[in-house]
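Remarks on the overall topology
For reference, the chains in residue letters:
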Amino acid sequence: YGVKVGPKSKQVASTGEEVKKSDHAKRKISARAKGRSLEQTLDQQMGSGRLLAKITSRPGQCGRADGIILEGPELAFYQKMMARK
């Protein structure tokens, strides 16, 4: 919601045209940004274009795969396992 992630988030992107926002939308975005924090490891993964995720759907059910992006201690565990290989 209006947040840049990855290594490009550090740079100011000049897209040419700025989208006009109402005062209410600006206040809502700034209120959401107060408590927002993104883990450093997750930000690095977004920048590289690869995310570690876990498939949560059961195989063979309806032909699609649902999943979640790993974060926190679970992400650290799987990164450690990948580093061992």
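Before reading further, recall that the structure is shown in the block above.
In every chain, residue numbers begin from 1 and rise along the written sequence. pLDDT decides what is reported in this predicted model: residues at 70 or higher carry local features, side-chain atom pairs at 80 or more are listed and counted, and totals for whole chains, interfaces and linings draw on all residues regardless. Each side-chain value is worked out from all heavy atoms of the structure, with water and hydrogens disregarded.

**Some points on the overall build of the protein chain**
Every helix listed is a DSSP run of H or I at least four residues long, and every strand listed is a run of E at least two residues long, numbered separately from the N terminus. The helix and strand tally for the protein chain stands at three helices and two strands. Secondary structure elements in the protein chain, listed N-terminal to C-terminal, are α-α-β-β-α. Throughout this description, buried means an accessible area under 20% of the type-specific maximum (1.4 Å probe, protein chains only), exposed means over 50%, and partly exposed covers the range between. Across the 85 residues in the protein chain, those meeting the buried criterion constitute 7%. Contacts are residue-level and defined by heavy atoms, with any inter-residue pair within 4.5 Å sufficient. A sequence separation of at least 24 residues applies to 45% of the contacts in the protein chain between residues at least 6 apart.

**A closer look at the pattern of salt bridges**
Basic side-chain nitrogens of Lys or Arg form a salt bridge, by our definition, when they fall within 4 Å of a carboxyl oxygen of Asp or Glu. One pass over the structure, following the stated rule, counts two salt bridges. Close ionic contact of glutamate 74 with lysine 54 constitutes a salt bridge, the shortest N to O distance being 3.0 Å. Placement of glutamate 74 in helix α3 (residues 73-84) and of lysine 54 in strand β1 (residues 53-55) is noted, with a sequence separation of 20 residues between them. For lysine 54, a relative accessible area of 32% translates into the label partly exposed. Linking aspartate 66 and arginine 64 is a salt bridge whose minimum nitrogen-to-oxygen distance equals 3.3 Å.

**Quick word on the layout of surface pockets**
Over the atoms, a rolled probe matching the size of one water molecule traces out where space is still vacant. Put simply, the grid is 1 Å and covers the protein atoms alone, a cavity is a trapped set of points that fit a 1.4 Å probe, a pocket is an open set with protein on both sides within 12 Å along at least five of seven lines, and lining residues have an atom within 4 Å of a point. Grid points are joined across faces, edges and corners, and a volume is the space filled by probe spheres set on the points. Within this model, the second largest pocket holds a volume of roughly 200 Å³. Residue lining of the second largest pocket: Val3, Lys4, Val5, Arg36, Leu38, Glu39, Gln40, Asp43 and Met46, and that is the complete set. Put simply, Ala, Val, Leu, Ile, Met, Phe, Trp, Tyr, Cys and Pro go in the nonpolar bin, Asp, Glu, Lys and Arg in the charged bin, and everything else, Gly too, in the polar bin. Residue classes in the lining of the second largest pocket are distributed as four nonpolar, one polar and four charged.

**Side note on the packing of aromatic side chains**
Any two rings among Phe, Tyr and Trp, with Trp reduced to its six-membered ring, count as a pair given centres within 6.5 Å; such a pair is stacked if its planes are under 30 degrees apart, edge-to-face if over 60, and tilted if neither. This model, assessed by the stated rule, comprises one aromatic pair. A ring pair is formed by phenylalanine 77 and tyrosine 78, whose centres lie 5.1 Å apart and whose planes are at 75°; its orientation type is edge-to-face. The class of phenylalanine 77 is partly exposed, set by a relative accessible area of 44%. The partly exposed category is assigned to tyrosine 78, whose relative accessible area is 36%.

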